[in-house]
Amino acid sequence: MNIGAMTLAEAAGLGLMALGAGFFIAGTVGMLRFPDAVSRLHALTKADTLGLGLVVLGAMVMAATPGAVLRLGLIWICVALAGALGAQLIAAFVRRSGDGSGE
Amino acid sequence: MDPMVIFDAGLALALVALSWAVLASADRFASVVLFIVLGLMVALAWVRLGAPDVALAEAAIGAGVTGALLLATLRHLRGQPEAPPSPAPVRWAVGGMVAAVTAALAAVVVALVAAPRPEGLAGAVADNLAMSGVEHPVTAVLLNFRAHDTLMEVVVLLVAVVVVWAIDRGLAPAHAPQGPLVDLGPVQDGFARLALPAAVLLGAYLLWAGAHAPGGAFQGGAVLAAVGILAILAGRWRPEPRHRAWARAAFGLGATVFVLVALGVGLGPRVAYEYPLTLAKPLILTIEAAVTLSIAATLAALFFGREPAGLTVPNTVPNTVPSTARGGRP
Amino acid sequence: MTLADLLPRFDGGPLLSVPSTAAGLGLLMLVLLATLLAGLWRVLRGPSAADRMLAAQLFGTTGVAILVLLALASGSGPLLDVALTLAVLAAVSVVAFVASAGPGGGRGQS
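Residues numbered from 1 in each chain as written. Chains lettered and ligands numbered in written order. Predicted model: local features only at pLDDT ≥ 70, side-chain atom pairs only at ≥ 80, totals over all residues. Heavy atoms only, no water.

(A) How the structure looks around empty space enclosed by the protein. Summed over all chains, the structure comprises three cavities of 30 Å³ or more. A volume near 290 Å³ is recorded for the largest cavity. Residue lining of the largest cavity: 26 residues in total, with Ile-36 and Ala-63 of chain B together with Ala-56, Gly-60 and Ala-90 of chain C positioned closest to the centre. Contributing elements (two or more residues each) for the lining of the largest cavity: helix H3 (66–97) of chain A, helix H2 (28–48) and helix H3 (52–77) of chain B together with helix H3 (49–74), helix H4 (78–88) and helix H5 (92–101) of chain C. At seven residues, H3 of chain C tops the list of elements feeding residues into the lining of the largest cavity. The residue makeup of the lining of the largest cavity, split by class, is 17 nonpolar, seven polar and two charged. (1 Å grid on protein atoms, 1.4 Å probe; cavity = no way out; pocket = protein on both sides within 12 Å on 5 of 7 lines; lining within 4 Å. Points joined across faces, edges and corners; volume = space filled by probe spheres on them. Helix = DSSP H or I, 4+ residues; strand = E, 2+ residues; numbered from the N terminus. Nonpolar A, V, L, I, M, F, W, Y, C, P; charged D, E, K, R; others polar.)

(B) How the structure looks around the interface of chain C and chain A. Taken residue by residue, the interface counts 57 residues in chain C and 51 residues in chain A. In total, about 4,400 Å² of surface goes out of reach between chain C and chain A, with carbon and sulfur atoms giving 78% of it. Inspection of the region where chain C meets chain A yields two salt bridges. Asp-51 of chain C is the salt-bridge partner of Arg-40 of chain A, the closest N and O atoms lying 2.3 Å from each other. If you look at where chain C meets chain A, you find five residue pairs in polar contact (both at pLDDT 80 or more). Ranked by residue count, the leading element in the side of chain C that touches chain A is H3 of chain C, at 15 residues. Tallied by class, the residues present in the side of chain C that touches chain A amount to 36 nonpolar, 15 polar and six charged. (Contact = heavy atoms within 4.5 Å. Buried area = accessible area lost by both parts, 1.4 Å probe. Salt bridge = Lys/Arg side-chain N within 4 Å of Asp/Glu carboxyl O. Polar contact = N/O pair within 3.5 Å; in protein donor to acceptor, adjacent residues only side chain to side chain.)

(C) Focus on the environment of Ala-50 of chain C. One can find Ala-50 of chain C in helix H3. According to the relative accessible area criterion, Ala-50 of chain C is buried, its value standing at 0%. Once the C-alpha coordinates of Ala-50 of chain C and Val-98 of chain C are considered, the two residues, 48 residues apart in sequence, prove to be 9.0 Å apart. For Ala-50 of chain C, the residues in contact, after removing those within four places along its chain, are Ile-90, Phe-93 and Val-94 of chain A together with Phe-97 of chain C. (Buried < 20%, exposed > 50% of the residue type's maximum accessible area, 1.4 Å probe, protein only.)

(D) Geometry of helix H1 (residues 3–24) of chain B. For H1 of chain B, spanning 22 residues, the distance from its first C-alpha to its last is 31 Å, which sits close to the expected 32 Å at 1.5 Å a residue. Along H1 of chain B, the positions that sit buried rather than exposed are Pro-3, Met-4, Phe-7, Gly-10, Leu-11, Ala-14, Leu-15, Leu-18, Ala-21 and Val-22 of chain B. Buried residues of H1 of chain B fall within an arc of 150° about the axis and therefore sit on the same side. Facing away from the buried side of H1 of chain B by more than 90 degrees, the exposed set consists of Leu-13, Val-16, Trp-20 and Leu-23 of chain B. At its buried positions, H1 of chain B is contacted by H2 of chain B together with helix H2 (22–45) and H3 of chain C. (Expected span 1.5 Å × (residues − 1). Arc of directions from axis to C-beta.)

(E) Geometry of a nonpolar patch on the surface. A cluster of nonpolar residues, Trp-76, Ile-77 and Leu-81 of chain A together with Leu-194 of chain B, forms a patch on the protein surface that exposes about 360 Å² of accessible area. Counting residues per element, the nonpolar patch draws most heavily on H3 of chain A, at three residues. By secondary structure assignment, the location of Trp-76 of chain A is in helix H3. (Patch = residues over 30% accessible without salt bridge, like charges linked within 9 Å, V, L, I, M, F, W, Y side chains within 5 Å. Areas by Shrake-Rupley, 256 points an atom, 1.4 Å probe, with all protein chains shown as cover.)

(F) The arrangement of the nonpolar core in detail. Ile-75 of chain A, Phe-258 and Tyr-275 of chain B together with Phe-59, Leu-70 and Phe-97 of chain C are the most contacted members of the largest nonpolar core, which totals 149 residues. Top contributing element to this core by residue count: H3 of chain C, with 17 residues. Within the second largest apolar cluster, five residues are counted, among which are Val-161, Trp-165, Ala-247 and Ala-301 of chain B. (Core = buried A, V, L, I, M, F, W, Y, C linked by side-chain atoms within 4.5 Å.)

(G) The packing of aromatic side chains, seen in detail. All names here are of chain B. Across all of its chains, the model carries four aromatic pairs over all chains by this definition. For the pair Trp-165 and Phe-251, a centre-to-centre distance of 5.4 Å together with 80° between the ring planes defines the contact as edge-to-face. Here Phe-251 lies in helix H11 (residues 244–266) and Trp-165 lies in helix H7 (residues 147–170), a separation of 86 residues in the sequence. Assessed through its relative accessible area of 9%, Trp-165 is described here as buried. Ring centres of Tyr-205 and Trp-208 lie 6.1 Å apart, and the angle between their planes is 45°; on these two criteria the pair is classed as tilted. One end of the pair, Tyr-205, and the other, Trp-208, are both in helix H9 (residues 185–209), three residues apart, so they sit about a helical turn from each other. The class of Trp-208 is partly exposed, set by a relative accessible area of 39%. (Phe/Tyr/Trp six-rings, centres within 6.5 Å; stacked < 30°, edge-to-face > 60°.)

(H) Layout of the environment of Leu-86 of chain C. Counting through the fold element by element, Leu-86 of chain C comes out in helix H4. Exposure remark for Leu-86 of chain C: the relative accessible area of 10% places this residue in the buried category. Ignoring any residue separated from it by four or fewer positions in sequence, one finds Leu-86 of chain C in contact with Leu-40, Ala-59 and Ala-63 of chain B together with Val-64 and Leu-67 of chain C.

(I) How the structure looks around the packing of H11 of chain B against helix H12 (residues 277–304) of chain B. Residues and elements named next belong to chain B. It is the contact of H11 with H12, at a shortest axis distance of 6 Å, that shows an interaxial angle of 155°. Between H11 and H12, the angle falls in the class roughly antiparallel. As for how H11 packs across H12, the hand of that crossing is left-handed. Judged by residue contacts, Ala-250, Phe-251, Gly-252, Leu-253, Gly-254, Val-257, Phe-258, Val-261 and Val-265 of H11 engage Leu-283, Thr-286, Ile-287, Ala-290, Val-291, Leu-293, Ser-294, Ala-297, Thr-298 and Ala-301 from H12. (Axes fitted to C-alpha atoms, helices over the stretch in contact; angles between N-to-C directions. Parallel < 35°, antiparallel > 145°, perpendicular 65-115°, else oblique. Left-handed = near helix turned anticlockwise from the far one by under 90°.)

Listed below in structure tokens is the structure:
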């Protein structure tokens, strides 16, 4: 990789995205290793909001056209809302059906 | 080594492995989830192949319509025993056929790699793009150069929904879904209030973008269909018998406008779909808007799966834990 | 300045092209694809329907992230529209799952 040719914005963007990818790794490890469905849900929502949030932020820094920034912001808002809703629905489903909760 | 080569190889392997897993999984629900994931991977593959239009359609259909359709199908199948495996001769015959098709495709692919790259029609499309009325080559092909093909696809969708409604008339009582829909609670309600208008906006945007960028009637219609599906699932809208006239009008609108434009153009000195240059863009946009509405209504109706004709309305059960159930839990 | 002057800037035309970071973006995409493949184990194993569904939800988000990176690496604006479509429809599958699972359907199906 040619670090020298990067501008400050590109380096910052890549750094933010790498941090975001770290959250995706953490989320996947949590999903694989946590003992029950409710804890796994916990791992999922971190990757959803923080991981994608950082990737989107890095992308905004790199591609500073208004159209791209607008779309990236909308993408993050939609996924964060969907993640929150999905986690809540699945958690209620787990309680209702009584599986995976370890109670 | 270029990381994208490894990425493509991983994606290709994942596609094959996922396809196998979908078919081989013994658990119906696991199959459905794997199929949803497969749709996502296919969308990524289309992007890597340089076909963002197809990726957009796959994303809208795969994320919005197919998953919901298959999960609703599981609800219909609940409580029914798994079908017994087909007899051995049938399985061997099917396996042999699949192997033959695969071998033939492999031979074609190998031959294509060796053969000189054919000219294709991309040059012809690019040369005539200025006469098409739109700036995006895919839309120019779909709505102008090969408009007949697109008309036939719209008619196929129309026939599909007609058949679904007709079948349902024969076996309505037995066909009613087993088990009530779940009441999703206040969080879902708040989400739907935000997400439904946002998705309507996205559908309209994709339709508009189709004139000069990837997008268009099918992608916009699929997103709007997902709006209808979400509204039905969330209980915000329930199809009723009195909606049938509107539904029929929406199903037929796309094909009707498409044919009327052909007749209008064809009755003059030109052949069908040989639009006059000044009218090409308005005509294409008119057709696309009508087809978008038809696709949205048709896909949503296919998800609902039957004519809304005075069936017993399933009552709902709450997704939250009722206090009585909580007390009775061990 | 009229509205028409403003509109083309939102047209999904080429983004700022960043070739010097292409290798870095490619590596990040590889990492994300690897998490996706590793996560498939949870879909295959379950054990409950809820586990499988939450894995699918995570994959949707990962797919959106990969698409954002692909859009940057290729400088192609329309790919952001693909990502946006996935993002707006991200909740449909989960809603369909919970709505049609029925009471106690988690164990009945798996």
